[in-house]
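Spelled out from the first residue to the last, the chains are:
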Amino acid sequence: MDIKERPTKKMSKFETLEWKNNELILIDQRSLPKVEKYIVCKTVEDVAYAIEKMIVRGAPAIGCAAAFGFAIGVIEAKKKLKIADDFIFKNHKDKLQFLKLIDDFKNKLAKTRPTAVNLFWALEEIQKTFNSNFHLTVAELICSVNSKAELIFNEDIQANQKIGINGAKLLSEKVSVLTHCNAGALATAGHGTALGIIRSAQTLGKKIEVFAGETRPFLQGARLTAWELVKDRIPVTIITDNMSGYLMSLGLVDAVIVGADRVTSNGDVINKIGTYSLAVLASKHNIPFLVACPWSTVDMQTKTGADVIIEERNPKEVTGFDGNIWAPEGAKVFNPAFDVTPAYLVSYLVTERGVVTPNNLDSLKTEQ
Ligand code: MRU
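Residues numbered from 1 in each chain as written. Predicted model: local features only at pLDDT ≥ 70, side-chain atom pairs only at ≥ 80, totals over all residues. Heavy atoms only, no water.

## Re the side chain of Thr225
Here comes step 1: In this fold, Thr225 is placed in helix α7 (residues 220-231).
Here comes step 2: Using a relative accessible area of 0% as the deciding quantity, one classes Thr225 as buried. (Helix = DSSP H or I, 4+ residues; strand = E, 2+ residues; numbered from the N terminus. Buried < 20%, exposed > 50% of the residue type's maximum accessible area, 1.4 Å probe, protein only.)

Written out as structure tokens, the structure is:
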């Protein structure tokens, strides 16, 4: 895994993921906003490590990373078994050997994080492409899998742009939005979901200001969302998570907009820990609660939020940060990375296919 470092520049553009010469380049989200560091993933092991350790994070972004990881896996398997470009699998033993390696790579990627459905969705999508092109030469097979990974990436950007427009239409001309975690360009292939709506609203000329919840313990709000918004010159105020109720009671929030890691078929939303608390507070204060996500985040196979595995992360994330430990040894820690917001607390789901109330997800099942 190679590392390239450069100091962050206030207004410069950045790419969350970049696919170049069969390698995946990721901005290291752990070191933002202090340092702009890029990690070059050359093996499936590199990509799996990057997802697990949150070098890359955010549901759609980890889906894209997994798709590129699969593509790297096919190239790696070819190298490992010393197969020529024009080789076609005919012999049963060759096929089994190759497929076993691909399967191991896919499992390694699938085991990195359990909650965001985009990871599993992307792996299944690319597996389908692999299966239907397995009869071709190995070079053609690699080419088809690479193209599919690029398509997943490009379609995510397009979906976010549509989400942006669909969501911006719901906002008034002068609006103050509270967001949680980071559902921006850093969490997707580009533009963002919740931040996509905010960006599109600004482009449409709306006067928008944002409150970014800090998002303990990984600080995606304070570090990443604020970083993205400052770059785009969108006014942003950081609050700690426990300030949101007071903020709402003062009438300072017109809408809450968050992303999602998974939406189940009954409309329950699984998102960053703290989302549920915000939804309860928003309901108490009659503030619209919007969830922005691409259709790849909707999991129609899973009925309710209770059926989803909620990832629990290392206790060290709660007892300290960046080498600074503030909790006493011996205290127990609970560190769920996500929570479940029941469908009835969600005003609208904003997707690229349209805007619906959560009990109406079915109406978007087939693409218009
Ligand atoms: O643990 P993370 O940082 O991967 O969690 C990310 C979130 O919860 C985001 O809100 C979600 O993935 C939506 S991103 C468009």
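## Some details on the sheet that holds strand β15 (residues 338-341)
Here comes step 1: Ordered by their spatial adjacency, four strands build an open sheet running β12-β9-β10-β15, and the pairing between neighbours is mixed. Of all the strands in the sheet, just β12 (298-299) and β15 have a single pairing partner and so form its edges.
Here comes step 2: Across four bridges, the pairing between strand β10 (residues 269-272) and β15 is antiparallel. Paired with Ile270 across the two strands is Val340, which belongs to β15. (Pairing = 2+ DSSP bridges.)

## Structural notes on helix α1 (residues 44-52)
Here comes step 1: Inspection of α1 places Val44, Asp46, Val47, Ala48, Ala50 and Ile51 among the buried residues, and these make up the whole buried set.
Here comes step 2: Among the structural elements, β3 (23-27), β4 (35-41), α2 (59-80), α3 (92-110) and α4 (117-132) are those in contact with the buried residues of α1.
Here comes step 3: Count one or two residues on from α1 and you reach Met54, which has phi positive near 65°. (Contact = heavy atoms within 4.5 Å.)

## A look at the domain arrangement of the protein chain
Here comes step 1: By the assigned domains, the protein chain splits into domain 1 (2-159) and domain 2 (164-364).
Here comes step 2: With 36 residues of domain 1 at the interface, the matching set in domain 2 holds 33 residues.
Here comes step 3: Contact with domain 2 buries surface across domain 1, with Phe14, Arg57 and Thr115 losing the most and accounting together for 21% of the total.
Here comes step 4: The tally of links from domain 1 across to domain 2 stands at two salt bridges.
Here comes step 5: Across the salt bridge formed by Arg113 and Glu311, the nearest N and O atoms sit 2.9 Å from each other.
Here comes step 6: Across the domain 1-domain 2 interface, the total number found is 18 residue pairs in polar contact (both at pLDDT 80 or more).
Here comes step 7: Its residues placed into classes, the side of domain 1 that touches domain 2 shows 19 nonpolar, seven polar and 10 charged. (Domains from an automatic or database assignment. Buried area = accessible area lost by both parts, 1.4 Å probe. Salt bridge = Lys/Arg side-chain N within 4 Å of Asp/Glu carboxyl O. Polar contact = N/O pair within 3.5 Å; in protein donor to acceptor, adjacent residues only side chain to side chain. Nonpolar A, V, L, I, M, F, W, Y, C, P; charged D, E, K, R; others polar.)

## Describing the site of the ligand
Here comes step 1: Around the ligand lies a shell of 19 residues, among which Arg57, Gln220, Asp261, Asn271 and Lys272 are the nearest.
Here comes step 2: In this structure, Gln220 approaches the ligand through a side-chain N or O atom, which is 2.8 Å from an oxygen atom.
Here comes step 3: With respect to the ligand, the side chain of Asp261 contributes an N or O atom lying 2.7 Å from an oxygen atom.
Here comes step 4: Starting from 410 Å² of accessible surface for the ligand in isolation, the protein chains cover 99%.
Here comes step 5: Elements with a minimum of two residues in the shell around the ligand: α2 and β10.
Here comes step 6: Here the shell around the ligand is composed, by residue class, of eight nonpolar, seven polar and four charged.
Here comes step 7: The residues that make up the shell around the ligand include at least three from each of domain 1 (2-159) and domain 2 (164-364). (Near = heavy atom within 4 Å. Areas by Shrake-Rupley, 256 points an atom, 1.4 Å probe, with all protein chains shown as cover.)

## Considerations on the packing of helix α5 (residues 138-168) against helix α6 (residues 194-203)
Axis angle and axis distance: for two packed helices, these are the angle between their axes and the distance between the axes, and together they describe the pair.
Here comes step 1: Between α5 and α6, the shortest axis-to-axis distance is 7 Å and the interhelical angle comes to 65°. Overall, the two elements α5 and α6 adopt an arrangement that is roughly perpendicular. Considering only the axes of α5 and α6, their crossing is right-handed. The segment α5 lies against α6, with Gln161, Ile163, Gly164, Ile165, Gly167 and Ala168 engaging Gly196, Ile197, Ser200 and Ala201.
Here comes step 2: Tallied by class, the residues present in the contact of α5 with α6 amount to five nonpolar, five polar and no charged. (Axes fitted to C-alpha atoms, helices over the stretch in contact; angles between N-to-C directions. Parallel < 35°, antiparallel > 145°, perpendicular 65-115°, else oblique. Left-handed = near helix turned anticlockwise from the far one by under 90°.)

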